[in-house]
Amino acid sequence: MSSFYEPFQRIKEEMKDLYLRDKKEIVLATSFGKDSTMVLLLFWEMLLSLKPGERHKKVHVVTSNTEVETPDMHGYLVESIDKLNLAAASSDLPVIGHIAVPNLKDNYWVNVLGKGNPPVSPNSRFRWCSSKLKINAVDRIMKEIIASGIVSLGEDYDIVLGMGVRMEESISRNASIKRNQLNGDDGKFAKHSTYKNVLVYHPIKHLNGDQLWAYFDDYEYFPWGTGVEQLRHFYPEDIFECSLKTDGQGTNCGKGRNGCWTCTAVSEDKMLKNLVQKEFKLMPLLDYKNILSQIRNDARYRMPIKRVELKRTNKRMKQQNNTDNQLDLLGDGFLKSVHETVLDRMRTTEYEGFDRAEEVEYNPGSLTIEARVFLLRKLLFIQEQIGYNLIPSDVVQAVTTIWNEEGYSIHDISPLDWQYDGPVVFDKDGIVKEHETINPYPQFWVHQDFDLGRDELIKYVETRVKQTNKSYFFYADHYDMGEDEQFAWNVAYFLVCDKNIHSQQKVSQNGYMGLLR
């Protein structure tokens, strides 16, 4: 045997021993990228080498369809699973393919366009999309497989999870493998951070990328029917794959291939750029992804108050309404002395209890309704333009239902070639980030005095937004005349950035603040 094939043969012998030693089923987490394809290929070859009577337990192939894969990737995933199931049946192999699809509530567009969850940034620690699009969907299938399998009381695991991860893939992948592995650096088994009864298996842990591609060269078509060139189509030079995410088993987004064409967790999506070079009609996808990356930081299209704080505000307003006009029997309604007039008492009480606003730090919330509507209409336009189904009709319905439930009345969601003019970006102190602000128009701040308390002010602006479908980014602060004057009021500073407004005078002439009245 050539020395080149020796490590692959050792892996297949290892897989054979693992398969034959007990009745516990095996799951292969497969993204159909090069690494997970290699694991599947070696398992397939190992099963073919067994006698039919020895193929005594199932091997489940689980792949994740986030529903925001590139059109080519989506087609490849579906084709691979379909052909795999047919080929397994005709070859008498106990291999079963599964596609994990997120629930409607976890759908990417439902979360971004419906709820306004900002797309993740490369520096974000909280990557909500990983759990919603991949982890939750895969977990449901994993639980079903575990529940239907043989449970051995008193043993360390009930199922084996095979994964295509390699030590050389990246520094972070290397670290994550070592963090969970058993039996030292040379061991190929690891614990699973979510399921204590799952034994994780890393069969190609010590192989390198060149070895994988060279082994694939022996095939024109993989045994389940898809072509090797189809796989190569997704890989420009020096590209890593974005693996199927199962919680705790390494990062799922490297510096290269991203199955999700909407993914903003990487600074540069080389794979999508490569696909655009091969099929220029996909260029609108790259343009749209760039809009997602930029608009998430655009102050004009972010709610000035986080959703959780809006809920607290509404709760306080409701509690206040319930207690209004109630007599305080502990004496707060009585004069403190004969020298204090009723007017003095009312004035002091109002001054001391005035709800002062102090939202002076830039800490924005969800995407505004304007952003969500524009993004949906732009997406529908691109869908018509390139001829691919990017957002199904049931998802569009779910998105508009959320808008209605939030109190917005959006009547026009027809396709629109919306031209985004670039972001206006601030740091946490409200100072413009010059290198990230590529919007060509000047920014102005317009202040408006309010005799409303802080909660009333926020509620008032929220109500006007829902009435007009026009969003306003603002800071809220207060002005205090002091103890002697006993007078305070709140001030809102509204951001104005518009192609038709080039001076502070123009802001007043356009009656911008009249929209709030």
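These figures come from a predicted structure and were not determined experimentally.

Parameters and conventions
Per chain, the residues get numbers from 1 upward, laid out in the order the sequence is written. Per-residue local features of the predicted model are confined to residues with pLDDT of at least 70, and side-chain atom pairs are confined, for both listing and counting, to 80 or more; whole-chain, interface and lining totals are unaffected and use all residues. For side-chain calculations, the full set of non-hydrogen atoms in the structure is used, while hydrogens and water are omitted. Only Phe, Tyr and Trp rings are paired, with Trp represented by its six-membered ring, and only when their centres lie within 6.5 Å; those with planes under 30 degrees apart are stacked, over 60 edge-to-face, the remainder tilted. Runs of H or I in DSSP of at least four residues are treated as helices and runs of E of at least two as strands, each being numbered from the N terminus. Three exposure classes are used, based on accessible area relative to the maximum for each residue type with a 1.4 Å probe and protein chains only: buried under 20%, partly exposed in between, and exposed over 50%. Geometrically, a charge over a ring is one whose NZ (Lys) or CZ (Arg) sits within 6 Å of the ring centre while staying within 35 degrees of the ring normal. Residues with no salt bridge and a relative accessible area higher than 30% make up the patches, which join like charges within 9 Å and nonpolar side chains (Val, Leu, Ile, Met, Phe, Trp, Tyr) within 5 Å. Per-residue and other accessible areas follow the Shrake-Rupley method at a 1.4 Å probe size, with only the shown protein chains counted as cover for residues. A carboxyl oxygen of Asp or Glu within 4 Å of a side-chain nitrogen of Lys or Arg is what we treat as a salt bridge. Grid points spaced at 1 Å over the protein atoms alone were grouped into cavities, where a 1.4 Å probe fits but cannot get out, and pockets, open sets with protein on both sides within 12 Å along at least five of seven lines, with lining residues defined by an atom within 4 Å of a point. Grid points are joined across faces, edges and corners, and a volume is the space filled by probe spheres set on the points. Amino acid classes used here: Ala, Val, Leu, Ile, Met, Phe, Trp, Tyr, Cys and Pro are nonpolar; Asp, Glu, Lys and Arg are charged; the rest, including Gly, are polar. Axes here mean lines fitted to C-alpha atoms, for a helix over just the part in contact, with angles spanning 0 to 180 degrees between N-to-C directions. By the definition adopted for this analysis, an angle is roughly parallel if under 35 degrees, roughly antiparallel if over 145, roughly perpendicular if from 65 to 115, and oblique otherwise. Contacts: residue pairs with any heavy atoms within 4.5 Å of one another. Seen with the strands pointing away from the viewer, any crossover whose path from the first strand over the helix to the second strand runs clockwise is right-handed. Note on pairing: two strands pair once DSSP finds at least 2 bridges between them.

Re the packing of aromatic side chains
Stage number 1. Scanning the model with the defined rule gives 33 aromatic pairs in all.
Stage number 2. On the numbers, 5.8 Å between centres and 20° between planes, the contact of Tyr108 with Trp128 is stacked. Taken together, the residues Tyr108 in helix H4 (residues 108-114) and Trp128 in helix H5 (residues 128-148) connect sequence positions 20 residues apart.
Stage number 3. Ring centres 5.2 Å apart and planes at 40° place the aromatic pair Trp445 and Tyr475 in the tilted group. Of this pair, Trp445 sits in strand S7 (residues 444-450) while Tyr475 is found in strand S8 (residues 474-480), placing the two residues 30 residues apart along the sequence.
Stage number 4. Judged by relative accessible area, Trp445 falls into the partly exposed class, the value being 30%.
Stage number 5. For Tyr475, a relative accessible area of 11% corresponds to the buried category.
Stage number 6. Aromatic rings pair up to connect Trp44, Trp213, Phe216, Tyr219, Phe222, Trp224 and Tyr235 into one cluster.
Stage number 7. Between the NZ or CZ atom of Lys24 and the centre of the ring of Tyr157, over which it lies, the distance is 4.2 Å.

A short note on a nonpolar patch on the surface
Stage number 1. A cluster of nonpolar side chains, Tyr479, Met481 and Phe487, forms an exposed patch at the surface whose accessible area comes to about 320 Å².
Stage number 2. Assignment of secondary structure puts Phe487 in the loop between S8 and strand S9 (488-496).
Stage number 3. The exposure class of Phe487 is partly exposed, given its relative accessible area of 47%.

Remarks on the environment of Glu350
Stage number 1. Looking at the element boundaries, Glu350 is found in helix H12 (residues 342-352).
Stage number 2. For the pair formed by Glu350 and Phe487, sequence separation is 137 residues and the distance between their alpha carbons is 8.7 Å.

A short note on empty space enclosed by the protein
Stage number 1. Scanning the entire structure with this criterion turns up six cavities of 30 Å³ or more.
Stage number 2. Here the second largest cavity is characterised by a volume of approximately 100 Å³.
Stage number 3. Around the second largest cavity sit Met303, Pro304, Ile305, Leu310, Ile458, Val461, Glu462, Val465, Ser471, Tyr472 and Phe474, which together line it.
Stage number 4. Broken down by element, the residue count for the lining of the second largest cavity peaks at four residues, all from helix H15 (residues 454-468).
Stage number 5. Split by residue class, the lining of the second largest cavity holds nine nonpolar, one polar and one charged.

Observations regarding the packing of helix H10 (residues 283-295) against helix H13 (residues 369-386)
Stage number 1. At a minimum axis separation of 10 Å, H10 and H13 run at an interaxial angle of 170°. As judged from the angle between their axes, H10 and H13 are roughly antiparallel. Between H10, through Pro284, Leu285, Tyr288, Ile291, Leu292 and Ile295, and H13, the contact on the second element is made entirely by Ala371, Leu375, Leu376, Lys378, Leu379, Ile382, Gln385 and Ile386.
Stage number 2. Grouping the amino acids of the contact of H10 with H13 by side-chain chemistry returns 12 nonpolar, one polar and one charged.

Details of the pairing of strand S2 (residues 59-64)
Stage number 1. Judged by how many residues are buried, S2 sits mostly within the fold: six of six residues are covered.
Stage number 2. What joins strand S1 (residues 26-29) to S2 is helix H2 (residues 34-49), and the crossover it makes is right-handed.
Stage number 3. The sheet contact formed by S2 and strand S3 (residues 95-100) spans six bridges and is parallel. Bridge pairing links Thr63 to Ile99 in S3.

Re the pattern of salt bridges
Stage number 1. According to the stated counting rule, one finds 27 salt bridges in the structure shown.
Stage number 2. The salt bridge involving Arg232 is made with Glu229; its shortest N-O contact spans 3.6 Å. With a gap of three residues between them, Arg232 and Glu229 both fall in helix H8 (residues 228-232), about one helical turn apart.
Stage number 3. We classify Glu229 as exposed; its relative accessible area is 58%.
Stage number 4. A salt bridge links Glu436 to Lys433; the shortest N-O distance between them is 3.9 Å.
Stage number 5. It is possible to trace a salt-bridge network through shared partners that takes in Glu309, Arg312, Arg316, Arg454 and Asp455.

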